[in-house]
Amino acid sequence: MNGKPLIVGGGPAGIAAAMELARHGVHSILLDEASRLGGVVYRGPLRQGVVLDYLGERYRENMQALHREFEPFRPQIDIRLETRVVGGDGGQLFALSPDEQVQPIAYSQLLLAAGCHERSVPFPGWTLPGVIMLGGLQLQLKSGVVKPLGRTVLAGTGPLLPLVACQLHRAGADVAGIYEACAFGRLAKEAIALLNQPQLFLDGLSMVAYLKRHGIPLHYGWGIVEGHGQDELHDITVAPYDADWTADLSRQRRLPAQTLAVGYGFIPRTQLTQQLGLAHQYHDDGFLKPDSDDWQRSSLPHIHLAGDIGGLRGGEAAMLTGRIAAISMLWQRHILSEQQALRQRQACLDQLAAILRFRVGIDRFTRRGAGQLALPRPDTVICRCEHATRQDIDAALEQGVNDLISLKMRTRISMGDCQGKMCVGYCSDRLREHTGKQDVGWIRPRFPLDPLPFSAFPTTAPQPTEEV
């Protein structure tokens, strides 16, 4: 098999795959849109020599260990940073280079490790300045760029809530409280599954103890209802959620807040996998997920998937799936025999098993409820790009729309610059609720996946005007 393997994504999965290939003498091309490798998990500060103690000692040690392990393999890897993939078709990808030129990159083997993006949950006031996604806020902290001003409230579900709250407090931010949508009883039921990763379980307990020690309240079974303000956020309304996440408005509370960080989990970045025509299906949690087998192969065997793009499992699991994908590529290149590949893959699967059992516990604890779909009012904007409101979506459903393509044609959702990253999740949830169908179709992203600067297009000399 000729040509270098092409890896999209310089996070834990992409780095692990590139190192595994290099160990066997295979040079690869590694693309990442950021200015530093590491992905969202292990990218670190933007400036050299900056030590961010507030992120925690274990995080810093893990990040430094990964970069140290990677360093000897750099000469065998063609690393192209600040390079954004904007599309692909027919055995090649198109990438926007740092000098803002679109370049085709051919491949014979491709590993997509592009990660995930945050799940958007619309509610009245979610577009106000001061409302930010939880993962985006943590990325700002990890980059050492900016800290939130004023009273900061965190709302959503999952282990990222207490982690970011501790990091914010250690960084000097005013953390007023955390509102976890799921009840504590559901977490207690998953204790046995969580013990599959005892260090992570102990880390969780230590974070809760830190919050209690510093007087930061953690409210289980509560969630966001509304954000208030004109030009910026001033107050929020929270309320108890039942098991289906329906807010009890009779017990709602209004609190002052200048920053609201909202985090309801992550979903795979499938824009490129859709454009390449790979097979997909809907996950039980409502997001679109590309198919992959035990070798991390997609529906096209020369295209592999690793990391969160193939399922949300965390940084350690991402590295293991990246290794498995690389082992499969080495087998396809006849560098490893089938027996060698099977043996090495099994070693990775054995390590992955405990992580997956832990992850199942987390997924059950943070299982979403459909009651949140009722939060937006009729005038609440759902699609920010095209300014489509809940009222527009309700009207389309009443008129018989029962799939995403028809909803797009009727309301213009997903037709803006972000191509549905912010709105399609809510819209597909509403369609499944309305129709009772699990699969409501999906919208295949168009080229380019992200807006391109004018400088990316070749200039042409003006044509002479014919005089009459």
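Residues numbered from 1 in each chain as written. Predicted model: local features only at pLDDT ≥ 70, side-chain atom pairs only at ≥ 80, totals over all residues. Heavy atoms only, no water.

Here we come to the pairing of strand E5 (residues 92–96). Sheet topology note: the strand E4 (residues 84–89)/E5 ladder contains five bridges and is antiparallel. Following the sheet pairing, Arg-84 is matched in E5 by Leu-96. Summarising the sheet, E5 and strand E6 (residues 102–106) pair through five bridges and their orientation is antiparallel. Directly across from Leu-96, in E6, lies its bridge partner Val-102. (Pairing = 2+ DSSP bridges. Helix = DSSP H or I, 4+ residues; strand = E, 2+ residues; numbered from the N terminus.)

This brings us to the nonpolar core. If you look at the biggest cluster of nonpolar residues, it comprises 36 residues, and the most contacted ones within it are Ile-7, Leu-21, Phe-70 and Leu-111. Elements with a minimum of two residues in this core: helix H1 (12–23), helix H3 (57–70), helix H10 (315–332) and helix H11 (338–365). Top contributing element to this core by residue count: H10, with nine residues. Filtering out sequence-adjacent residues up to four positions away, Phe-70 remains in contact with Ile-15, Met-19, Leu-30, Leu-37, Ile-77 and Ile-79. Grouped together as the second largest cluster of nonpolar side chains are 28 residues, Trp-126, Trp-222, Ile-224 and Val-225 included. (Core = buried A, V, L, I, M, F, W, Y, C linked by side-chain atoms within 4.5 Å. Buried < 20%, exposed > 50% of the residue type's maximum accessible area, 1.4 Å probe, protein only. Contact = heavy atoms within 4.5 Å.)

Residue position: Ile-405 is located in helix H13 (residues 404–411). Classification of Ile-405 as partly exposed rests on a relative accessible area of 40%. For the pair Ile-405 and Leu-141, spaced 264 residues apart in sequence, the C-alpha separation works out to 38 Å. Dropping the residues within four chain positions of it, Ile-405 is found in contact with Trp-442 and Ile-443.

Let us now look at the sheet that holds strand E15 (residues 253–256). Taken in spatial order, the three strands of this open sheet run E13-E14-E15, and their pairing is antiparallel. For this open sheet the edge positions go to strand E13 (222–228) and E15, each flanked by a neighbour on one side alone. Strand-to-strand, the axes of this sheet are offset by a mean angle of 30°, without reference to chain direction. (Axes fitted to C-alpha atoms, helices over the stretch in contact; angles between N-to-C directions.)

What follows is about the sheet that holds E4. Read across the open sheet, the three strands follow the order E4-E5-E6; overall the sheet is antiparallel. Each edge of the sheet is formed by a strand with only one pairing partner; in this case those strands are E4 and E6. Pairwise comparison of adjacent strand axes, ignoring direction, gives a mean angle of 30° for this sheet.

Once that is clear, we can look at the packing of aromatic side chains. Counted by the stated rule, this structure contains seven aromatic pairs. Ring geometry for Phe-94 versus Phe-447: centroids 5.8 Å apart, planes at 70°, classification edge-to-face. Note that Phe-94 is positioned in strand E5 and Phe-447 in the segment after helix H14 (424–435), a separation of 353 residues in sequence. Relative to Trp-331, the ring of Trp-295 lies with its centre 4.9 Å away and its plane at 45°, an arrangement referred to as tilted. Pair noted here: Trp-295 is in the loop between strand E19 (288–290) and strand E20 (303–305) and Trp-331 is in helix H10, with a separation of 36 residues, a long-range link. Taken together, the ring pairs in this structure connect Tyr-241, Trp-245 and Tyr-264 into an aromatic cluster. Here the basic side chain of Arg-345 rests over the ring of Trp-295, its NZ or CZ set 4.2 Å away from the ring centre. Sitting over the face of the ring of Trp-126, Arg-384 holds its NZ or CZ atom 4.2 Å from the ring centroid. (Phe/Tyr/Trp six-rings, centres within 6.5 Å; stacked < 30°, edge-to-face > 60°. Lys NZ or Arg CZ within 6 Å of the ring centre and 35° of its normal.)

A word on H3. Along its 14 residues, H3 runs 20 Å from first to last C-alpha, staying within 8% of the 20 Å computed at 1.5 Å per residue. Those residues of H3 that are buried are in contact with H1, strand E2 (28–31), helix H2 (39–42), strand E3 (77–80), helix H4 (134–143) and H10. (Expected span 1.5 Å × (residues − 1).)

A packed helix pair is summarised by two numbers, namely the angle formed by the two axes and the spacing between the axes. Interaxial distance between helix H12 (residues 390–398) and H14 falls to 11 Å at its minimum, and their mutual angle equals 35°. Note that H12 runs across H14; the crossing there is right-handed. Contact with H12, carried on its side by Arg-390, Ile-393, Asp-394 and Leu-397, involves Tyr-426, Cys-427, Arg-430, Leu-431 and His-434 of H14 and no other residues of that element. (Left-handed = near helix turned anticlockwise from the far one by under 90°.)

The next thing to look at is the UniProt feature "domain: BFD-like [2Fe-2S]-binding" (unreviewed entry) in the protein. Under the local residue numbering, the UniProt record ascribes the feature "domain: BFD-like [2Fe-2S]-binding" (unreviewed entry) to residues 381–425. Helix and strand shares over residues 381–425 are 42% and 11% respectively, and the end C-alpha atoms of the span are 14 Å apart. (UniProt positions renumbered as here; feature names shortened; annotations may be inferred.)

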